[in-house]
Amino acid sequence: MEKTFVMVKPDGVQRGVVGEIVNRFEKKGYKIVAAKMMQVSKDLAEEHYGQHKERPFFGELVDFITSSPVFAMVLEGENVISSARVMMGATNPADAAPGTIRGDFAVSIGMNIIHGSDSPESAEREIGLWFDKSELTDYEVASHKWV
Ligand code: RTP
Ligand code: MG
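Residues numbered from 1 in each chain as written. Chains lettered and ligands numbered in written order. Predicted model: local features only at pLDDT ≥ 70, side-chain atom pairs only at ≥ 80, totals over all residues. Heavy atoms only, no water.

> Even after reading the chapter, I still don't get the layout of surface pockets, so can you show me in this structure?
Unfilled space is identified by rolling a water-sized probe across the atoms. Of the pockets and cavities examined, the largest pocket occupies roughly 510 Å³. Looking at the largest pocket, it is lined by 21 residues, and the ones nearest its centre are K9, Y49, L61, T91 and N112. Those elements that provide at least two residues to the lining of the largest pocket are α4 (58–65) and β4 (114–116). A total of three residues in the lining of the largest pocket trace back to one element, the largest contributor, which is α4. When its residues are assigned to classes, the lining of the largest pocket shows five nonpolar, nine polar and seven charged. The volume enclosed by the second largest pocket comes to roughly 290 Å³. Looking at the second largest pocket, the residues that line it are M1, K28, G29, Y30, K31, E76, G77, E78, E140, V141, H144 and V147. For the lining of the second largest pocket, the class distribution of residues is four nonpolar, three polar and five charged. (1 Å grid on protein atoms, 1.4 Å probe; cavity = no way out; pocket = protein on both sides within 12 Å on 5 of 7 lines; lining within 4 Å. Points joined across faces, edges and corners; volume = space filled by probe spheres on them. Helix = DSSP H or I, 4+ residues; strand = E, 2+ residues; numbered from the N terminus. Nonpolar A, V, L, I, M, F, W, Y, C, P; charged D, E, K, R; others polar.)

> Looking at this structure, how should I read the packing of aromatic side chains?
Inspection of the entire model under this criterion finds two aromatic pairs. Look at F5 and W130: their rings are 4.9 Å apart centre to centre, the planes differ by 25 degrees, and that puts the pair in the stacked class. Taken together, the positions of F5 in strand β1 (residues 3–8) and W130 in helix α7 (residues 120–130) put the pair 125 residues apart, joining distant regions of the chain. Using a relative accessible area of 3% as the deciding quantity, one classes W130 as buried. Look at F5 and F131: their rings are 6.4 Å apart centre to centre, the planes differ by 65 degrees, and that puts the pair in the edge-to-face class. Remark: F131 occurs in the segment after α7 and F5 occurs in strand β1; sequence separation between them is 126 residues. Chaining the aromatic ring pairs together yields one cluster made of F5, W130 and F131. Here the guanidinium or amino end of K31 rests over the ring plane of Y139, the centre of that ring lying 5.0 Å away. (Phe/Tyr/Trp six-rings, centres within 6.5 Å; stacked < 30°, edge-to-face > 60°. Buried < 20%, exposed > 50% of the residue type's maximum accessible area, 1.4 Å probe, protein only. Lys NZ or Arg CZ within 6 Å of the ring centre and 35° of its normal.)

> So what exactly am I meant to see when it comes to the sheet that holds β1 here?
What holds strands together in a sheet is hydrogen bonding between their backbones, with the strands either parallel or antiparallel. Here we have four strands laid out as an open sheet, ordered β2-β3-β1-β4, and antiparallel in their pairing. Edge positions in the sheet fall to β2 (31–38) and β4, since each has one partner strand and no second. Across the sheet, the mean angle separating the axes of adjacent strands is 15 degrees when strand polarity is ignored. Bridge analysis of β1 against β4 gives three bridges, and the strand direction is antiparallel. Note that in β4 the partner of V6 across the bridge is G116. The sheet contacts of helix α2 (residues 18–28) involve β1, β2, β3 (70–76) and β4, and relative to β3 the element is tilted by about 5 degrees. (Pairing = 2+ DSSP bridges. Axes fitted to C-alpha atoms, helices over the stretch in contact; angles between N-to-C directions. Contact = heavy atoms within 4.5 Å.)

> Would you mind showing me how to read the pairing of β3 here?
Across the seven residues of β3, seven count as buried, placing the element largely inside the fold. What you see with β3 is no split at all: V70, A72, V74 and E76 on one side and F71, M73 and L75 on the other are buried throughout. Bridge analysis of β1 against β3 gives six bridges, and the strand direction is antiparallel. Following the sheet pairing, T4 is matched in β3 by L75. With seven bridges joining them, β2 and β3 adopt antiparallel strand pairing. Among the inter-strand pairings, I32 is bridged to a residue of β3, identified as L75.

Put into structure tokens, the structure is as follows:
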């Protein structure tokens, strides 16, 4: 079954919406395979956002992600990679539809509350980067036969 990496960014943790965000993914029908609160190191932030190294906002992005703890998760389910991105809404919260996480909780592109892997390749890379294999659980959710 497909897995993705999702992270509530420092602004989401500071604003107390971790529970609300986790709730949305649980209610949708996705399984939480792993989750942890963590202070991100500069090395991890730079590696995670490596594809944006040459972009003008890279320094600010790394400073922001390391500024306060994040809540990192691995979610599992059918089409979870693209579906979680739909639930998050557009990168720029100004363009994110109401009802999406960014549409409901964020205002500016620099503090857009949440990250989600953008492809199967990114998901595999990011899960490996943020979680040790031993942190990933493997269990059945009884109600998921109805999802
Ligand atoms: P993310 O990786 O954080 O889930 O966001 P995303 O896929 O929707 O967007 P991406 O293009 O990967 O950009 C990564 C993060 O960089 C910040 N950004 N700032 N100032 C700017 O023009 C700008 N553009 C992007 C955003 O915080 C975005 O989430
Ligand atoms: Mg991205």
